[in-house]
Amino acid sequence: MTTLVIRRPDDWHLHLRDGAALRAVLPFTAARFARAIVMPNLSPPVTTTELALAYRRRILAALPAGAQFEPLMTVYLTDHTPPEEVARARASGRVHGFKLYPAGATTHSELGVSDVRRIEPVLERMAELGMVLEVHGEVTDPAVDVFDREARFIERVLAPLAARLPQLRMVLEHITTRAALDFVLGARAGLAATVTPQHLLMNRNALFAGGLRPHHFCLPVLKAEAERAALLAAVTRGESRLFLGTDSAPHARHAKEAAAGCAGIFCAHAGIELYAEAFAAAGALERLEAFASHHGADFYGLPRNSGTLTLTEQPWEVPAHYPFGNDELVPLRAGERVAWRLTERA
Ligand code: NCD
Ligand code: ZN
């Protein structure tokens with residue numbers, strides 16, 4: 001039986017929701033990850049430091065007894081975010097980034113930014129104070145093919161922004177394409193990217209395997225096999241600008257299995273195990289620890305965790321669904337097997 005011991009990892013892109021949904025999903029993350037960058041796309045969104053600190057308190061209150069987990073908060077940028085918010089966020093010591101959602105790009109992004117030029121003073125202040133910008137990198141132009149939206153965003157928005165503000169630190173979230181890899185790996189210092197397990201393990205065929213598969217729909221949408229293979233090759237060769245971000249994004253079953261099912265894949269129930277599968281498939285298990293537990297902390301200027309996780313290659317069957325308040329939550333691989341199991345935490 002193969003086992004792997006790694007330093008305790010962090011999740012650098014996570015949706016925890018609120019209320020009963022938060023209580024349902026938080027234990028999965030807290031059992032695996034020491035910290036997580038928590039996305040602010042609640043409804044209404046977390047648009048100020050004050051709201052982020054209140055949300056943080058709700059997360060801490062929802063933790064299972066004895067859990068050791070630190071939520072790293074983010075603030076949702078709108079066209080009206082005042083530049084003064086950046087200093088408030090920095091001074092809090094609890095807010096670790098600002099999230100850029102192009103308005104309309106994804107779930108709960110309606111109040112996002114309509115044009116980055118509108119928030120240039122905020123971004124300038126972030127560059128001055130060393131605050132990280134987390135970017136949902138897709139254009140919203142309906143004329144652009146859905147599979148090309150990440151690449152167009154890099155050309156039209158991200159590359160010019162990186163050049164205009166050379167000190168601004170940015171994480172391009174949940175990258176899905178060779179275009180994103182080329183950009184991030186070839187860019188100036190201060191740029192990095194997160195990669196999800198779904199984009200390492202599945203290509204767009206998974207959206208249509210045996211019928212329309214709403215639980216495989218997320219944004220950015222799954223891409224072609226060549227893109228997936230390039231992502232897996234890049235993370236498994238140890239690129240230090242790439243790190244773990246599950247983008248675990250829970251939605252009630254009825255919201256996914258609908259005429260207009262919403263975007264988001266829930267993967268926190270196997271949030272490190274799925275990456276172990278991907279790295280094992282590439283013959284690069286020894287590179288998992290740096291991707292999961294070193295690169296992100298180093299980029300954010302936070303200490304690496306103490307403590308370890310032990311993963312064992314021992315298949316287990318994922319339940320068909322988990323409780324989710326008064327609803328059901330269908331996890332990635334529902335009713336199927338995950339090849340790795342979490343066997344110890346020390
Ligand atoms: C996320 C969600 O549901 O909040 N959905 C998703 O498909 N990833 C939003 C996001 O990160 O785009
Ligand atoms: Zn997300």
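Look up a bit, the structure's there.
Residues numbered from 1 in each chain as written. Chains lettered and ligands numbered in written order. Predicted model: local features only at pLDDT ≥ 70, side-chain atom pairs only at ≥ 80, totals over all residues. Heavy atoms only, no water.

Draft legend 1. Fine view of the coordination of the zinc ion (ligand 2). Protein-derived coordination of the zinc ion (ligand 2) comes from H13 (NE2), H15 (NE2) and D247 (OD), at a distance range of 2.0 Å. Of note is the zinc ion (ligand 2), whose four donor atoms meet at the metal with angles of 92 to 141° in an arrangement that counts as irregular. Positions of the donor residues of the zinc ion (ligand 2), expressed as sequence spacing, correspond to H-x1-H-x231-D. Highlighted residues: H13 in strand β2 (residues 10-14) and D247 in the loop between β9 (242-244) and α9 (253-256), separated in sequence by 234 residues. Comparing H13 with D247 shows no difference in burial state: the two are buried. (Donors = N, O, S within 2.8 Å, 3.2 Å for Na, K, Ca; no water. Tetrahedral: all angles 85-135°; square planar, octahedral: opposite > 155°, others 65-115°. Helix = DSSP H or I, 4+ residues; strand = E, 2+ residues; numbered from the N terminus. Buried < 20%, exposed > 50% of the residue type's maximum accessible area, 1.4 Å probe, protein only.)

Draft legend 2. Just the packing of aromatic side chains, in detail. Applying the stated criterion across every chain yields a total of eleven aromatic pairs. For the ring pair W12 and F243, a centre distance of 6.2 Å and an interplane angle of 75° mean the geometry is edge-to-face. Note that W12 is positioned in strand β2 and F243 in strand β9, a separation of 231 residues in sequence. For F243, a relative accessible area of 0% corresponds to the buried category. Through successive ring pairs, a cluster of aromatic residues spans W12, F243, F299 and Y300. The residue whose ring lies beneath R169 is F299, and the NZ or CZ to ring-centre distance is 4.2 Å. In this structure, R204 is placed above the aromatic ring of F147, and the distance from its NZ or CZ to the ring centre is 4.7 Å. (Phe/Tyr/Trp six-rings, centres within 6.5 Å; stacked < 30°, edge-to-face > 60°. Lys NZ or Arg CZ within 6 Å of the ring centre and 35° of its normal.)

Draft legend 3. Broad picture of the layout of surface pockets. One number sums up the size of the largest pocket: a volume of about 260 Å³. Classifying every residue of the lining of the largest pocket gives eight nonpolar, two polar and four charged. Lining the second largest pocket are 13 residues, with L212, R213, P214, F217 and G261 positioned closest to its centre. Its residues assigned to classes, the lining of the second largest pocket comprises nine nonpolar, one polar and three charged. (1 Å grid on protein atoms, 1.4 Å probe; cavity = no way out; pocket = protein on both sides within 12 Å on 5 of 7 lines; lining within 4 Å. Points joined across faces, edges and corners; volume = space filled by probe spheres on them. Nonpolar A, V, L, I, M, F, W, Y, C, P; charged D, E, K, R; others polar.)

Draft legend 4. Looking closely at the sheet that holds strand β4 (residues 70-76). Ordered in space as β2-β3-β4-β5-β6-β7-β8-β9, the eight strands form an open sheet in which the pairing is parallel. Among the strands making up the open sheet, the edge pair consists of β2 and β9. Across this sheet, the average inter-strand angle for adjacent strands is 30°, counted without regard to direction. As defined by bridge partners, strand β5 (residues 95-100) adjoins strand β6 (residues 132-135) across four bridges and the pair is classed as parallel. What sits directly across from G97, in β6, is V132. Together, β7 (169-172), β8 (191-195) and β9 form the strand contacts of helix α6 (residues 178-186), whose direction differs from that of β8 by roughly 145°. (Pairing = 2+ DSSP bridges. Axes fitted to C-alpha atoms, helices over the stretch in contact; angles between N-to-C directions. Contact = heavy atoms within 4.5 Å.)

Draft legend 5. Region of interest: empty space enclosed by the protein. If you walk through the whole model with that rule in mind, you get three cavities of 30 Å³ or more. Around the largest cavity sit 16 residues that line it, and H15, T106, L219, D247 and A249 are the ones nearest its centre. Approximately 50 Å³ is the volume found for the second largest cavity. Lining the second largest cavity, in full, are H215, A249, H251, K256, G264, I265, F266, L329, V330, P331 and L332. Of the residues in the lining of the second largest cavity, the class split is seven nonpolar, three polar and one charged.

Draft legend 6. Quick look at unusual backbone geometry. For the peptide bond that leads from S43 to P44, omega is 0°, which places it in the cis range. Here P44 is to be found in the loop between β3 (35-38) and α2 (49-62). The step from L219 to P220 runs through a cis peptide bond, and the omega angle for that step is -10°. Its place among the elements puts P220 in the loop between α7 (197-201) and α8 (225-236). With a phi close to 40°, H174 is a non-glycine residue in the positive phi region. Along the chain, H174 falls in the loop between β7 and α6. Overall, the relative accessible area of 2% leaves H174 in the buried class. Positive phi values are uncommon outside glycine, yet D247 reaches one of about 55°.

Draft legend 7. Expanded view of the side chain of Q198. By secondary structure assignment, the location of Q198 is in helix α7. A polar atom in the side chain of Q198 sits 3.0 Å from the backbone oxygen of T246. Discounting chain neighbours no more than four positions away, the residues touching Q198 are C218, L222, T246, D247, I265, C267 and L332. (Polar contact = N/O pair within 3.5 Å; in protein donor to acceptor, adjacent residues only side chain to side chain.)

Draft legend 8. Here's a closer look at the site of ligand 1. In the region of ligand 1, 15 residues are neighbours, and N41, T106, L219, D247 and H251 sit closest. Take H15: an N or O atom from its side chain is 3.0 Å from an oxygen atom of ligand 1. Between G264 and ligand 1, the recorded distance is 3.1 Å, taken from a backbone N or O atom to an oxygen atom. For ligand 1, whose accessible area on its own is 310 Å², the fraction buried by protein is 100%. Here ligand 1 is seated within the largest cavity. Residue composition of the shell around ligand 1, by class: four nonpolar, nine polar and two charged. (Near = heavy atom within 4 Å. Areas by Shrake-Rupley, 256 points an atom, 1.4 Å probe, with all protein chains shown as cover. Sits in = over half its atoms within 2 Å of the grid points.)

Worth remembering: the numbers are spatial, not functional.
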